[in-house]
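Listed below are the residues making up each chain.
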Amino acid sequence: MARAAITVIGAGPAGLAAAVCAAECGRRVVLVDENPLPGGQIWRAKKNLPAIETEPWRRRAQAAGVEWRTGCQAAQATPERLWLESAGEAETLAWEQLILATGARELLLPFPGWTLPNCCGAGGLQALVKAGLAIAGQRVVVAGSGPLTLAVAAYLQQQGARVLLVAEQAAPMQAAAAALLLFSSPARVRQAWRMRDALRGVEIQAGCWVEAAEGAERLQRVRLRRGRRRWSLECDYLACGFGLRPNSELGQLLGCALNAEAGLQVDRWQQTSVARIWCAGDASGVAGVEAALLAGQIAGYAAAGRQDLAAAFIARRDRQQRASRRLLRRLALRQELRRLAADDTWFCRCEDVPIGEAQAYASWREAKLQTRCGMGACQGRICGAAGRFLWGWEAAGVRPPIVPVRVGTLALTETGEAQ
Amino acid sequence: MAKPEAWDVAIAGAGIIGCACAAAAAEAGLRTLLIEAGVPGGGTTAAGMGHIVAMDDSPAQFALTRYSQQLWQQLAPELPRQVEYERCGTLWLAGDEDEWRLAAAKREAYRAQGVPAEMLDARALAAAEPHLRPGLAGAMLAPEDGVLYPPAAAKFFLDRARARGARLLAGECQRIEARGLRLRDGTQVAAGEVIIATGTRAAELAPGAAIAPRKGHLLITDRYPGRLHHQLVELGYLRSAHALSEDSVAFNLQPRLSGQILIGSSRQFGAATAEVEPAMLARMLQRAIEFMPGLAAMSCVRAWTGFRPATPDKLPLIGPVEDPPHVWLAAGHEGLGITTATGTAALLLAQLTGQAAAIPYTPYLPSRKTEAVLEHA
Amino acid sequence: MPEELRIRVNGRELAVAAGTSVAAALLNAGIRGMRRSRTGEPRGPVCGMGACMECRITVDGRAQLRACQLRCREGMEIEC
């Protein structure tokens, strides 16, 4: 059992920046991350090769003595301790300050056929390709909403995929306005320019969405809709995500309050509503990588008691967050997406609960109790977020473990003893 | 709310007890109103395991649980698939020779009451549940015990009550008044008889009802079909889990139709909040892993807690309160409310309508002298 | 670290590039349905990051592991 001064959960941009800044202040820092290599989702490593962007942070972290726990998942927490599991090994870890940089996940919405193999999230398919999925020559439709779909399409195209179409659900004017906002900083201009090169020749349609996926035992074609026009495209993969939602479970388990975006509520120093717990990056509200880096530095310095150093980043963080919010407002999800699913479309993928059965109930709690939707292995991560979008259902509180782990991990006592 | 209406019976609380009483009252032709502040079946009912079990801590407990179990068996053909009723049987595990003798005595007690039971020696037990640790002395099998999914069972009774004209009203009962009760929002409900079925909170409406909340933890695994076939309970349960004063854990596993395994159990008095307590959870899981080592490597998806409505003598309160008249209790079932919902409803309605009851109801009358029962030796 | 390693999937041997996740290796081998849902439908990876639980498989006798979160190791036995 080890003692830790500052424990950071998540080694994406926000977590890396927080860990580096806290450690450079001379504090002992433990960085816990579920992936084998740092970078989080946005800077995900390609097989054994870390993303180039992580390198400067990884070097600084190493120089400052940050202790790494890679391939390690936090499952349960008290105000003193975390229960961790990695490759079947369990331990508890004492913490004094906790920085939650747990990022975000994709919003996936039900439509007929969305459960067919090879129907993935947008970021989901990209993650699979980075993990070694051979995509060269495969026909892919990228759909959904937000800047991620364009980035994913560009990446897949660079990897040799045949991206047949990028379908953005937002109306053309809104999508165009959002695209302009992508040019709001020099970094974004460079990024957008690279993307434009990669997407040369790829059809991009705004006001367009997937109405259904079809195939026997696997995806074979998608049915698309744009205005009154409906058509089908034969394809091998669908990469469809409707934007990102904060991963707030660990904070919720520890009693941290949520904000209107269902992220963890933070003050100007990135402190949550609970003392000694901080949150940075998309887990406090989706705002993208630049904002995450700035928020991470603020959280790292502030948790180390160096608000004087943190203060320098506040104005830039606020600017980045405002820019991201403006962009995402333009891409608000359209009403039609609430009516894609048929009565027999699965709502809960873990328990195979059809949407017609779930929506007969007045609340998430009642639907869960009577249909078991949200009670399966994903713990409501997919259908809970969908229910919130479809019917405004408010999720119930979070219960441990926040991610499925071995029974033996929760059998550890606070002091980490197995028996 | 619509104009005041006179109900024959108003029932406070739509847990499985209140729902079963509502179904029985409506079937008896009574105009029935069921009042619930939260989600029907969403309190202790939703937190429980759903073990339909004959328990022989006392003759009265044995009589009620066995009677109730038989009522469930009669209902079985009518239960919808969502109730997941399955007669998987209970294996009462004997860890050593002492417990083996306890198991044999238990079998005799079952036999004396005409309840089927058989002994499994170590080899037969290992064949029945190959994932148990080696070295157990054996087990007593109660083949008529079963499991079900409690929220769906509560809904089955609620639907049955509604089909016979009962109504469900959303509201929180504040106090009993002459010929009815008053809700927290000021609504007055006029009713000839009032049944209090609010479980751990029954004393708020029936002062003097000796019911204390007893917290329990449960954990459910991912799906492992074929890994477990019977409800497993350690015979030590009779000693450890029933201690009235101390926090305790006992090995208790349940196979779900989904292939998931429910792991229990813990008992705590005086716990103030519903939070999962990692230390208590760890203790409970360590006990489970001692009996079934393979559990440690299985993936689990959720832990939660609930509060059992416990009485000092471990028997429920079923019958009229001493004062005022026309007020009835159906509460205090501790960990046996799912099993005894059927029997409770039948006994209460028999008293309320002046009909003969299938088993004597005097042991459960709220007016009885309740004394804490002595521990098993 | 070797450039290539071998795993067995439902008894069949596969050569896999080092660093490949089990989910990617299975898809590359044409295995798209990695588990059967409660009603028996084939399901494969969706989120690619361990959240959706659709790609659960059995590795070396241990069931319900997420294929997207596991890297192939030499000699791994996979059932799905």
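Conventions and cut-offs
Residues numbered from 1 in each chain as written. Chains lettered and ligands numbered in written order. Predicted model: local features only at pLDDT ≥ 70, side-chain atom pairs only at ≥ 80, totals over all residues. Heavy atoms only, no water. Helix = DSSP H or I, 4+ residues; strand = E, 2+ residues; numbered from the N terminus. Rg over C-alpha atoms; globule rule 2.2 N^0.38 Å. Buried < 20%, exposed > 50% of the residue type's maximum accessible area, 1.4 Å probe, protein only. Contact = heavy atoms within 4.5 Å. Areas by Shrake-Rupley, 256 points an atom, 1.4 Å probe, with all protein chains shown as cover. Domains from an automatic or database assignment. Buried area = accessible area lost by both parts, 1.4 Å probe. Salt bridge = Lys/Arg side-chain N within 4 Å of Asp/Glu carboxyl O. Polar contact = N/O pair within 3.5 Å; in protein donor to acceptor, adjacent residues only side chain to side chain. Nonpolar A, V, L, I, M, F, W, Y, C, P; charged D, E, K, R; others polar. Core = buried A, V, L, I, M, F, W, Y, C linked by side-chain atoms within 4.5 Å. Pairing = 2+ DSSP bridges. Expected span 1.5 Å × (residues − 1). Bend = angle between axes of the 7 residues up to and from the residue. Patch = residues over 30% accessible without salt bridge, like charges linked within 9 Å, V, L, I, M, F, W, Y side chains within 5 Å. Lys, Arg positive; Asp, Glu negative; His and termini not counted. Charge placed at Lys NZ, Arg CZ, Asp CG, Glu CD. Phe/Tyr/Trp six-rings, centres within 6.5 Å; stacked < 30°, edge-to-face > 60°. Lys NZ or Arg CZ within 6 Å of the ring centre and 35° of its normal.

### Some words on the overall build of chain A
Item 1. Across its full length, chain A carries 14 helices and 22 strands.
Item 2. By the compact-globule yardstick of 22 Å for 419 residues, chain A fits well, its C-alpha radius of gyration being 21 Å.
Item 3. Projecting the C-alpha coordinates of chain A onto the three principal axes gives extents of approximately 60 × 50 × 35 Å.
Item 4. Here chain A, with 419 residues, has 59% of them falling under the buried criterion.
Item 5. The long-range fraction of contacts in chain A, counting pairs at least 24 apart against all pairs at least 6 apart in sequence, stands at 65%.
Item 6. Looking at chain A as shown, the accessible area adds up to about 15800 Å², and 51% of this sits on carbon and sulfur atoms.

### Regarding the domain arrangement of chain B
All names here are of chain B.
Item 1. The domain architecture assigned to chain B consists of domain 1 (6–48 + 150–211 + 313–364) and domain 2 (87–145 + 212–309).
Item 2. The C-alpha-based centres of domain 1 and domain 2 are spaced at 30 Å.
Item 3. With 13 residues of domain 1 at the contact, the number on the domain 2 side is 12 residues.
Item 4. Both faces combined, the contact of domain 1 with domain 2 buries some 990 Å², and carbon together with sulfur accounts for 58% of it.
Item 5. The shortest N-O distance in the salt bridge between Glu334 and Arg267 comes to 2.8 Å.
Item 6. Our enumeration of links across domain 1 and domain 2 arrives at 6 residue pairs in polar contact (both at pLDDT 80 or more).
Item 7. Here the side of domain 1 that touches domain 2 is built from residues that sort into 4 nonpolar, 7 polar and 2 charged.

### Structural notes on the nonpolar core
Nonpolar side chains tend toward joint burial in soluble globular proteins.
Item 1. By size, the foremost hydrophobic cluster in this structure holds 58 residues, and its most contacted members are A:Leu109, A:Phe111, A:Val222, A:Leu224, A:Leu238, A:Leu337 and A:Phe347.
Item 2. In terms of residue count, helix 13 (residues 381–391) of chain A provides more of this core than any other element does, 5 residues in total.
Item 3. Setting aside chain neighbours within four positions, we find A:Phe111 in contact with A:Val210, A:Glu211, A:Ala212, A:Ala213, A:Leu238, A:Cys240, A:Leu340, A:Ala341 and A:Thr345.
Item 4. Counting 54 residues, the second-largest nonpolar core is a separate cluster that includes B:Ala26, B:Ala60, B:Ala154 and B:Ala197.

### Section: the pairing of strand 14 (residues 248–255) of chain B
All names here are of chain B.
Item 1. Extensive coverage of strand 14 is indicated by the burial of 8 of its 8 residues.
Item 2. In terms of strand pairing, strand 13 (residues 231–234) meets strand 14 through 2 bridges, oriented antiparallel. If you follow Leu232 over to strand 14, its bridge partner there is Leu253.
Item 3. Here 6 bridges tie strand 14 to strand 15 (residues 261–269), and the two strands are oriented antiparallel to one another. Opposite Asn252, over in strand 15, you have Gly264 as the bridge partner.
Item 4. Where strand 14 folds back on strand 15, the antiparallel hairpin that results is connected by 5 residues, among which Gly259 adopts a positive phi of roughly 90 degrees.

### A look at the interface of chain B and chain C
Item 1. Taken together, the contacts link 7 residues of chain B with 5 residues of chain C.
Item 2. A combined buried area of about 580 Å² lies between chain B and chain C, and 35% of that area is made up of carbon and sulfur atoms.
Item 3. Looking only at chain B, the three residues that lose the most surface to chain C are B:Asp222, B:Arg223 and B:Ala297, adding up to 61% of its buried area.
Item 4. For the pair chain B and chain C, the number of links is 2 salt bridges.
Item 5. Our count for the contact surface shared by chain B and chain C stands at 3 residue pairs in polar contact (both at pLDDT 80 or more).
Item 6. For the side of chain B that touches chain C, the class distribution of residues is 2 nonpolar, 2 polar and 3 charged.

### Description of helix 10 (residues 337–353) of chain B
One turn of an α-helix holds 3.6 residues; hence residues three or four places apart share an orientation.
Residue and element names in this part refer to chain B.
Item 1. The end-to-end C-alpha distance of helix 10 is 22 Å, a good match for the 24 Å that 17 residues give at a rise of 1.5 Å each.
Item 2. Residue Gly343 marks the point of greatest curvature in helix 10, where the axis turns by about 30 degrees.
Item 3. By the criterion of burial, helix 10 is predominantly enclosed, with 15 of the 17 residues buried.
Item 4. Directly after helix 10, the chain includes Gly354, whose backbone phi takes a positive value near 70 degrees.

### Topic: a positive patch on the surface
Residues and elements named next belong to chain A.
Item 1. Residues Arg316, Arg319, Arg322, Arg326, Arg329 and Arg330 make up a contiguous surface patch of positive charge.
Item 2. Tracing the chain through its elements places Arg329 in helix 10 (residues 314–330).
Item 3. Residue Arg329 is classed as exposed on the basis of its relative accessible area, which comes to 58%.

### A short note on the pattern of salt bridges
Side-chain pairs of opposite charge can arise whenever the charged atoms involved come near each other.
Item 1. Counted by the stated rule, this structure contains 55 salt bridges over all chains.
Item 2. Between A:Glu67 and A:Arg28 there is a salt bridge; the shortest N-O distance is 2.7 Å. Here A:Glu67, found in strand 4 (residues 67–69), pairs with A:Arg28, found in the loop between helix 1 (13–24) and strand 3 (29–32); they are 39 residues apart in sequence, far enough to count as distant.
Item 3. Here A:Glu67 falls in the partly exposed class, since its relative accessible area comes to 27%.
Item 4. With its nearest N and O atoms 3.9 Å apart, the salt bridge here joins B:Arg164 to B:Glu27. Of this pair, B:Arg164 sits in the loop between helix 6 (150–163) and strand 8 (167–170) while B:Glu27 sits in helix 1 (residues 16–27), and the two are 137 residues apart along the sequence.

### Topic: the packing of aromatic side chains
Item 1. A complete count under the given rule lists 9 aromatic pairs over all chains for this structure.
Item 2. Ring geometry for A:Phe347 and A:Trp393: centres 6.2 Å apart, planes at 85 degrees, overall edge-to-face. Linking A:Phe347 in strand 20 (residues 346–348) with A:Trp393 in the loop between helix 13 and strand 22 (405–406), this pair joins segments that are 46 residues apart in sequence.
Item 3. On the basis of relative accessible area, A:Trp393 is assigned to the buried category, the value being 7%.
Item 4. With a centroid separation of 6.1 Å and an interplanar angle of 40 degrees, the aromatic rings of A:Trp364 and A:Trp393 are classed as tilted. Of this pair, A:Trp364 sits in helix 12 (residues 364–371) while A:Trp393 sits in the loop between helix 13 and strand 22, placing them 29 residues apart in sequence. Of the two residues examined, A:Trp364 and A:Trp393, each falls in the buried class.
Item 5. An aromatic cluster is built from A:Phe347, A:Trp364, A:Trp391 and A:Trp393, whose rings are joined through pairwise contacts.
Item 6. The ring centre of A:Phe389 lies 4.2 Å from the NZ or CZ of A:Arg338, which sits over that ring.
Item 7. Above the face of the B:Trp92 ring, B:Lys106 is positioned so that its terminal group lies 3.9 Å from the ring centre.

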